[in-house]
Amino acid sequence: QEQLVESGGRLVQTGGSLRLSCAASGRTFSTYTMGWFRQAPGKEREFVAAVSWSGVYTNYADSVKGRFTISRDNAKNTVYLQMNSLKLEDTAVYYCASNSRGGWRTQYDYWGQGTQVTVSS
């Protein structure tokens, strides 16, 4: 089973940048699709981005396309989310998740505890 731990969340001003990391401990990390999700207060958890096991293929929510970049380093069992041009509406708890079943936005198996990102003006 995968164990996922997110880090890097903090307070940042609008227009700023932030990089989140997710460290995974599991036997088959390199075979899993990895994704980032977020949940703002009072709202449903939503998909942000995903990256294939190879790191070659990625998928993004329309709200972050062109601003966020997902990547992974299988040698380090780590997935990253580079966030640029941050907006107030990006404020949320960000979660990473692993997917062994091949989906882009669904079918995730394991979840981290989340890291808080707060964007202020």
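Residues numbered from 1 in each chain as written. Predicted model: local features only at pLDDT ≥ 70, side-chain atom pairs only at ≥ 80, totals over all residues. Heavy atoms only, no water.

Peer 1: Residues and numbers for the overall build of the protein, please.
Peer 2: In terms of helices and strands, the protein carries 0 helices and 11 strands. Along its sequence from the N terminus, the protein presents helices and strands in the succession β-β-β-β-β-β-β-β-β-β-β. Relative to its length of 121 residues, the protein is compact, with a C-alpha radius of gyration of 13 Å against a globular reference of 14 Å. In terms of principal-axis extent, the alpha carbons of the protein reach across some 40 × 25 × 25 Å. With 121 residues in all, the protein has 43% of them scored as buried. Looking at the protein alone, contacts between residues at least 24 apart form 57% of all its contacts between residues at least 6 apart. With 13 positive and 9 negative side-chain charges, the protein shows a spacing of 3 Å between the two charge centroids. (Helix = DSSP H or I, 4+ residues; strand = E, 2+ residues; numbered from the N terminus. Rg over C-alpha atoms; globule rule 2.2 N^0.38 Å. Buried < 20%, exposed > 50% of the residue type's maximum accessible area, 1.4 Å probe, protein only. Contact = heavy atoms within 4.5 Å. Lys, Arg positive; Asp, Glu negative; His and termini not counted. Charge placed at Lys NZ, Arg CZ, Asp CG, Glu CD.)

Peer 1: For the sheet that holds strand β8 (residues 78-83), give the residues involved together with the corresponding values.
Peer 2: Strand order across the open sheet formed by 4 strands is β1-β3-β8-β7, with antiparallel pairing between neighbours. Looking at strand neighbours, the two that pair on one side only are β1 (3-7) and β7 (68-73), the edges of this open sheet. Neighbour-to-neighbour, the strand axes of this sheet turn through a mean angle of 15 degrees, independent of strand direction. (Pairing = 2+ DSSP bridges. Axes fitted to C-alpha atoms, helices over the stretch in contact; angles between N-to-C directions.)

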